[in-house]
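Residues per chain, in single letters:
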Amino acid sequence: MKQRALLFILLILSFGAYLGFKASQNELKVESNLLSLIPNWGYDETESEALSQFSEDLGQRMVFFFPVQNNTPSTVTNGVERFAQALQDSKAFSHIRYQGTNKEEQNNFYLYYRNASLNLLENYIEDDQINIKKLTKDRLKKLYSPQSSFYSSTLATDPLMLIPSQIKELQKLNQGSIQNDENSFLFTEGKQGKSYLIFAQSKLNAFSSQAQIELRRIIKQGKSALHATGTKIDIQELGALAFAEVARQKGKSDAQNISLLSLVFLSLIILFYFRSPSYFLAILSSLLAGLTSALTVTLLVFGEIHLFVLAFGASLIGVSVDYALHYFAHVQESQDPKMTPSLRSALILGFLTSLIAYAALSLPSFPGIRMIAIFSIAGLSASFASVFFLYPWIFSEFKKKEHQLKPIPKNLLYLSQRNKIFALIACLSFILIICFSQRNNNVRSFSYQDPQIVATDLELRSQLSDFETSAFILMRAKDEESLLQSCNDFQGKWQKHNKSALRAPSEVIQSKTKWQEVYNACQNSHFEHYENSLSLPKSSVKTFLNSLENPGGIQGFSQANIFPEFAQMIKEINGEYFAVLLFAQDTDWEIIKKLCAHDDSAHFIYRAQMISELMDLFHQEALNMSLIAYFMITLILIYFYGWKNSLLIMSTPILSLSLSWGVMSALGQESNLFSVFAAILLLGISIDYSIFYNRHQGSRSTERAVFFSASSSLVAFGLLAFSSFPALSSFGLIMFIGLIAAYFLAPLAKEK
């Protein structure tokens, strides 16, 4: 027996060690972004790809703040250059900007808008011609205005007075609240005083664990280069990296702590009650078989595993160990390692009902929950198979133990005999569910957010007067001209309804079709009156117009290599064109929704709100699946046990769920998607207790097995209540309350 057990244990431990080694080498793809678990419902493949790319671009922008504090500005700017060079050398960042436009960029800027500024004459077109009198009147007024910056030399190169005013507005549009010092270094003013800035676009996904390690290494190198100049600055970061890092660390620590504490408590229970190291090692091996199988199957199916799933899956320890506990409780009482027919049928039926409960989780269209379901099904199946097929073989040379099991505490047995009282309380708690239960599937309440990081993020964004990136308008068109026209049209509607800031690519990218229309209108007009009124040489306007080139629309703008922030706001995907329109953070989103409702080309994207609405749909879908699971299991029980016994068995999960939901409602806790998952899992776990009580009519081995199972599950799910993720915390609390109720209600099933 020892050789067989040792072989089984070594196989499981070696495979677990291999997976642990892969994880330590960061070869396992572990995701920490909660939104990656949620699909883009309601969009076709092309639109989903556009959303994904825009969200990635907007989410991977980083801004580094360098407070001057007690340093001299020149010392800080020297450090800024060193830091920026480290980012550039890493090849992991693009669009690194810490200074205003250089001479080459200024030249590109001027050349492009010298051509593109012709569109400013669009308002002077009447009957396909320029209204010369109106244009002359406006230009004379501008020329002789006290604030005018036009001189004779300026008119020689720009007789229509188009370029300087537009360039000034565009530069202001690009800078926002950011300023340039005398050396063109970018800075802003905040509560901490003056801070120099570096803008950079990460090429790596901040929510990937491997990318986080690499980005942090690069930033550390940049700080070392900065400190080498003798500058001591507490650099602050704005971007998703800080949030993603904390979420990853919390998820990792939750998974480790819950797994470790579950194993410790479970080990103590086994050693204290069974008092057998061989039983302990066998149960531990079964448990490791379940966890390693769950991890392997999940990686094979999805190619990655989310930290959220790992933290949730750590609670699998308390469920997968049930089969081993029931087996050894039977062996200790019967002193026979063979599977009796009653034990075999109880284990199979308990496994099948749990499998149905977890399988119900895989049916909703929520990929994150499907990942949890696959993880749990694989783990439970491996644990069950190891107990059902291997344990009788491993312990075939079982020798009778001289010692007896530790008795179950009498006060617990006394309470379990008063199960009708718990049943009455559970029924009364159903009233609390009806009266006080409210839904809240706000996705922000599901993930962990460090208060200090949130406060810092808000403060830094206020310094930049930054645009909101989690909510935007997605424009779609068949060609680039239609896209720019749609952007222009929406911008015009927005300006009529609201005065808050709007950033649209059409503000800086000129339509080549519109430019051609204006150019043709200028060719049809005679500018002699205009030239005489402004004392310009004859044919100077015609010469200027002939020197212009069509700016070339989106393609021409990209080739001009200016305004990289705006260039990222347009993409061509599968032959279609997409653009995003960004708004100020204090925007009234209800107005935007109304405008989009009457514009087929505009789609309002507010990821947090949309995902919360999707979670509501998943909530209802999961609730339907749970009802189906309860119904299917009831039918199976009726087939095996008949009506009366089936109702007695099903009373345990139904009453325990009612009690847990009622207590949560009384505590003011709102129900969410994970409350429904608790309903499904309580069904799968608590029904095992009822089946064993009904099958064995309350034998001593059944009482012990149910007690051990309930204890291990209570520890595993109870620890989830202390998770940093609010969703897991509420789920763990519901399961903890429900499992306590299930333990005391299970003896109802043995009554005839």
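Shown above is the structure to which this text applies.
Quick caveat, the model's predicted, so the values are computed rather than measured. (Residues numbered from 1 in each chain as written. Predicted model: local features only at pLDDT ≥ 70, side-chain atom pairs only at ≥ 80, totals over all residues. Heavy atoms only, no water.)

Asks: Can you walk me through the overall build of the chain in this structure?
Replies: Looking only at helices and strands, the chain features 29 helices and 15 strands. The proportion of buried residues among the 752 residues of the chain is 54%. Long-range contacts, defined as pairs at least 24 residues apart, comprise 82% of the intrachain contacts of the chain with a sequence gap of at least 6. When the accessible area of the chain is evaluated, it comes to approximately 33800 Å², of which 56% is carbon and sulfur surface. (Helix = DSSP H or I, 4+ residues; strand = E, 2+ residues; numbered from the N terminus. Buried < 20%, exposed > 50% of the residue type's maximum accessible area, 1.4 Å probe, protein only. Contact = heavy atoms within 4.5 Å. Areas by Shrake-Rupley, 256 points an atom, 1.4 Å probe, with all protein chains shown as cover.)

Asks: Please explain the packing of helix 19 (residues 480-497) against helix 20 (residues 512-523) as it appears in this structure.
Replies: Any two packed helices are characterised by how steeply their axes cross, that is the angle between the axes, and by the distance between the axes. At a closest axis distance of 8 Å, the pairing of helix 19 and helix 20 adopts a crossing angle of 85°. The angle between the axes of helix 19 and helix 20 places the two elements in the roughly perpendicular class. Across the interface between the two elements, Glu 480, Glu 481, Gln 485 and Asn 488 of helix 19 pack against Lys 512, Thr 513 and Lys 514 of helix 20. A breakdown of the residues in the contact of helix 19 with helix 20 according to their chemical character gives no nonpolar, three polar and four charged. (Axes fitted to C-alpha atoms, helices over the stretch in contact; angles between N-to-C directions. Parallel < 35°, antiparallel > 145°, perpendicular 65-115°, else oblique. Nonpolar A, V, L, I, M, F, W, Y, C, P; charged D, E, K, R; others polar.)

Asks: Sorry, what's going on with the pattern of salt bridges here?
Replies: It is possible for side chains of opposite charge to pair when their charged atoms get near one another. Following the criterion strictly, the structure yields seven salt bridges and no others. One salt bridge in this structure joins Arg 217 and Glu 214, with 2.5 Å as the shortest N-O distance. Pair noted here: Arg 217 and Glu 214 are both in helix 8 (residues 209-227), with a separation of three residues, about one helical turn. In this structure, Glu 590 and Lys 593 form a salt bridge, with 3.6 Å as the shortest nitrogen-oxygen distance. On the criterion of helical spacing, the pair formed by Glu 590 and Lys 593 is a turn pair, its members being three residues apart in helix 25 (residues 589-597). A relative accessible area of 45% means that Glu 590 is categorised as partly exposed. Of the residues examined, Lys 593 reaches a relative accessible area of 27% and is grouped as partly exposed. Salt bridges sharing partners connect three or more residues here, namely Arg 476, Lys 478 and Glu 576. (Salt bridge = Lys/Arg side-chain N within 4 Å of Asp/Glu carboxyl O.)

Asks: Help me understand the side chain of Ser 646, please; the structure alone is not making it clear to me.
Replies: With respect to the secondary-structure elements, Ser 646 resides in helix 26 (residues 607-666). Of the polar contacts made by the side chain of Ser 646, one reaches the backbone oxygen of Gly 642; its length is 2.5 Å. Ignoring any residue separated from it by four or fewer positions in sequence, one finds Ser 646 in contact with Thr 634, Leu 637, Ile 638 and Tyr 641. (Polar contact = N/O pair within 3.5 Å; in protein donor to acceptor, adjacent residues only side chain to side chain.)

Asks: Even after reading the chapter, I still don't get the packing of helix 19 against helix 23 (residues 553-560), so can you show me in this structure?
Replies: Where helix 19 meets helix 23, the closest approach of the two axes is 8 Å, and the angle between their N-to-C directions is 85°. Considering the angle they form, helix 19 stands roughly perpendicular to helix 23. Facing Glu 480, Glu 481, Leu 483 and Leu 484 of helix 19, the residues of helix 23 in contact are Gly 553, Ile 554 and Gln 555. In terms of residue class, the contact of helix 19 with helix 23 is built from three nonpolar, two polar and two charged.

Asks: Quick question: what am I supposed to make of helix 2 (residues 45-59) here?
Replies: Every α-helix winds through 3.6 residues per turn, so residues three or four apart in the chain are directed the same way. Its 15 residues place the ends of helix 2 21 Å apart at the C-alpha level, agreeing with the 21 Å of an ideal helix rising 1.5 Å per residue. Looking only at helix 2, the buried set comprises Thr 46, Glu 47, Ser 48, Ala 50, Leu 51, Phe 54, Asp 57 and Leu 58. At its buried positions, helix 2 is contacted by strand 2 (61-67), strand 8 (193-202), strand 11 (467-477), strand 13 (570-573), strand 14 (576-584) and strand 15 (602-606). (Expected span 1.5 Å × (residues − 1).)

Asks: Looking at this model, I keep getting lost on the nonpolar core. Mind explaining?
Replies: Across soluble globular proteins, nonpolar side chains have a tendency to be buried as a group. Counting residues in each nonpolar core, the largest one holds 94 residues, and the members touching the most others are Tyr 327, Phe 328, Tyr 391, Leu 637, Phe 717, Phe 731 and Met 735. The element contributing the most residues to this core is helix 27 (residues 673-696), with 16 residues. Setting aside its immediate chain neighbours within four residues, Leu 637 contacts Leu 349, Gly 642, Ser 646, Ile 649, Met 650, Ile 687 and Ile 691. (Core = buried A, V, L, I, M, F, W, Y, C linked by side-chain atoms within 4.5 Å.)

Asks: For this particular structure, what's the right way to read the environment of Ser 285?
Replies: Tracing the backbone through its elements, the reader meets Ser 285 in helix 10 (residues 277-302). Using a relative accessible area of 3% as the deciding quantity, one classes Ser 285 as buried. For the pair Ser 285 and Val 387, spaced 102 residues apart in sequence, the C-alpha to C-alpha distance is 9.9 Å.

Asks: When you look at helix 20 in this model, what are you seeing that I'm missing?
Replies: The end-to-end C-alpha distance of helix 20 is 16 Å, a good match for the 16 Å that twelve residues give at a rise of 1.5 Å each. Among the residues of helix 20, those classed as buried are Lys 514, Trp 515, Val 518, Tyr 519, Ala 521 and Cys 522. Seen from one end, helix 20 has its buried residues packed into an arc of 160°, which puts them on one side. Two or three places before Thr 513, at the start of helix 20, stands the capping residue Ser 511, its side-chain oxygen 3.4 Å from that residue's backbone nitrogen. (Arc of directions from axis to C-beta.)

Asks: Looking at this model, I keep getting lost on the environment of Asp 57. Mind explaining?
Replies: Relative to the assigned elements, Asp 57 resides in helix 2. In sequence terms Asp 57 and Asn 205 are 148 residues apart; their C-alpha atoms lie 9.8 Å from each other. Leaving out residues up to four positions away in the same chain, Asp 57 has contacts with Gln 201, Gln 568 and Lys 571.

Asks: Where do I start with the pairing of strand 14 in this structure?
Replies: Sheet faces and side chains relate simply in a regular strand, where the side chains alternate between the two faces. Burial analysis of strand 14 places nine of its nine residues in the buried class, the great majority of the element. As judged from the eight bridges shared by strand 11 and strand 14, these two strands associate in the antiparallel manner. Within strand 14, the position partnered with Met 475 by the bridge is Ala 579. The pairing of strand 12 (residues 502-503) with strand 14 spans two bridges and is classified as antiparallel. Note that in strand 14 the partner of Arg 503 across the bridge is Leu 582. Pairing of strand 13 with strand 14, which is carried by four bridges, proceeds in the antiparallel orientation. (Pairing = 2+ DSSP bridges.)

Asks: Which parts of the structure should I look at to understand a negative patch on the surface?
Replies: A surface patch of like charges, here negative, comprises Glu 126, Asp 127, Asp 128 and Glu 517. The topology assignment puts Asp 127 in the loop between strand 4 (125-126) and strand 5 (129-130). (Patch = residues over 30% accessible without salt bridge, like charges linked within 9 Å, V, L, I, M, F, W, Y side chains within 5 Å. Lys, Arg positive; Asp, Glu negative; His and termini not counted. Charge placed at Lys NZ, Arg CZ, Asp CG, Glu CD.)

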